[in-house]
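Here's the letter readout for the chains.
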Amino acid sequence: MLCLTDVLVTRTAGTPTRPPAPPSLRTAVRDPYPLYRTLRTHHPLVYDEPFGAWLVSRYDDVRAALADPRLVPVPGEGTSEADQRLERALRGPALDALTAAVERGAHVLARRLAAREEADLVAEFCGWLPTATVVAALGLPYEETARVHCWCRTGLGPSGGGRSELGVFLRPLTARRRAHPGGDLLSVLCAERSDEVVTGLVGTLLGAAGETTARALASFLANLLDHPRQLEVLRARPELTAGAWAESLRRDPPLHLVLRRAVEPVGAIPAGATVACLLGAAGRDPERFTDPDRYDAFRPDPAPLAHGTGRHTASDALLARLTAEHGLRALLAALPGLRRAEGARTAPEDLVRRSPKILRVRTR
């Protein structure tokens, strides 16, 4: 149960003192970590008036807030009915088709990079692997990759022009699959489902293949490239990749905050208030993690909060994990000399979405 107070008092030499007023999230765009430390230490629950939300920053409190039924997802943040349907659909043959598509797509993209001496993994691998996966898994025409990529990047609402356009695009393809089913994911989704339901499932999958998955993959690869010895261990022991991925989500989640709305009072939080669960702060809580700012691919219990907490949670988490595991294996197989290229590195400039914009590497 969430157990926080709105007025927090620290003690110095046995004398109660009130901590200084906290700065706002709006002031911490380039480097939020000093603010996160201040919040965790002095203001684990505080109302940020410029931001318009109550901030929760400690690991245990963020975890409790995300599980509290009194704090519900705000529109666009929560798990949708379509996502729950997709989670149920992505089992058995459907999951096999998706996994095979990730593996094929990753190896195709990695082999293309092998012909070059230098490449940008963000633009040429991370940004395209989720799209390549969706196209291959669904068995869509290859020439439609650019259009699918646009849908993955921009998303599709539950109604309106975008979803209608997707429905028109899928109608002849679903008709063919019903007449002549194959081993692709679209054939599996068409079985005993209406065109409307299939469109919703595909739209949700496109959402899962969007920017969040690409950003998480970019941060994962950046963390490993910054720690070449750990990368070499994973080259020799790929079965450890899942833990390395979880550690990257802990240290550098693709989304630093998830919004919730209180449907009834929760301690000091009034009904109707917005609550910002700060994943970026919780993942580096020293009360929960030893040396929390350090990336350790072999940390015994990274316990990440990213994925499983935001929009399209189940499909996001599944697709992101598959792209991370198979993407890394493909890169290591195709690029034996993979390492960071020399030169300046770009720093994230967005509080909510923090990941490398460019990830230049040497391939040989």
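As the structure is a prediction and not an experimental result, all values here were calculated from the model. Residues take numbers from 1 onward in each chain, read along the sequence in its written order. For a predicted model such as this one, the threshold for reporting local features is a pLDDT of at least 70, and the threshold for listing and counting side-chain atom pairs is 80 or more; totals across whole chains, interfaces and linings nevertheless cover every residue. Only hydrogens and water are removed before side-chain values are computed, so all heavy atoms of the structure are retained for them.

Novice: A description of the overall build of the protein should follow, citing residues and the corresponding values.
Specialist: Under the scheme used here, helices are H or I runs from DSSP no shorter than 4 residues and strands are E runs no shorter than 2 residues, and both carry numbers assigned from the N terminus. Broken down by element type, the protein carries 15 helices and ten strands. Residue burial in the protein is summarised as follows: out of 364 residues, 52% are buried. What makes two residues a contact is simply this: any of their non-hydrogen atoms within 4.5 Å. A separation threshold of at least 6 residues defines the contact pool for the protein, and within that pool the share at least 24 residues apart is 72%. With residues, only the protein chains shown are counted as cover, and all accessible areas are computed by Shrake-Rupley using a 1.4 Å probe. Of the roughly 16600 Å² that the protein leaves accessible, carbon and sulfur atoms contribute 53%. Classification of residues uses two cut-offs on accessible area relative to the type maximum, computed with a 1.4 Å probe and protein chains only: under 20% is buried, over 50% is exposed, and between them is partly exposed.

Novice: Can you lay out helix α12 (residues 228–236) for me, pointing to particular residues and giving the numbers?
Specialist: Listing the buried residues of α12 in full gives Gln-230, Leu-231 and Leu-234. All buried residues of α12 project into a common sector of 100° when viewed along the axis, lining one side. What points out from α12, more than 90 degrees from its buried face, is the exposed set Pro-228, Arg-229 and Ala-236. In this context, the arc is that of the directions from the helix axis out to the C-beta atoms.

Novice: Requested: an account of the packing of aromatic side chains, with residues and values cited.
Specialist: For this analysis, a ring pair means two rings from Phe, Tyr or Trp (six-membered ring only for Trp) whose centres lie within 6.5 Å, classed as stacked if their planes differ by under 30 degrees, edge-to-face if by over 60, and tilted for the remaining angles. Summed over the entire model, instances satisfying the criterion amount to five aromatic pairs. Aromatic pair Tyr-33 and Tyr-36: ring centres 5.6 Å apart, planes at 90°, arrangement edge-to-face. Here Tyr-33 pairs with Tyr-36, and both are found in helix α1 (residues 33–42), just three residues apart, close to one helical turn. Any Lys NZ or Arg CZ found within 6 Å of a ring centre and within 35 degrees of that ring's normal is scored as a charge over the ring. One cation-aromatic arrangement involves Arg-250 over Phe-289; the distance from NZ or CZ to the ring centre is 5.1 Å. Over the ring of Tyr-59 we find Arg-288; its NZ or CZ atom is 5.1 Å from the centre of that ring.

Novice: Before we move on, can you summarise the sheet that holds strand β9 (residues 339–340) with the specific residues and values?
Specialist: Strand pairing in a sheet relies on backbone hydrogen bonds, with the paired strands running either antiparallel or parallel. DSSP calls a pair of strands paired once it identifies at least 2 bridges connecting them. Strand order in the open sheet made by the three strands is β6-β10-β9, with antiparallel pairing throughout. The strands lining the two open edges of the sheet, one partner per strand, are β6 (118–120) and β9. Here two bridges tie β9 to strand β10 (residues 360–362), and the two strands are oriented antiparallel to one another. Within β10, the position partnered with Arg-340 by the bridge is Val-361.

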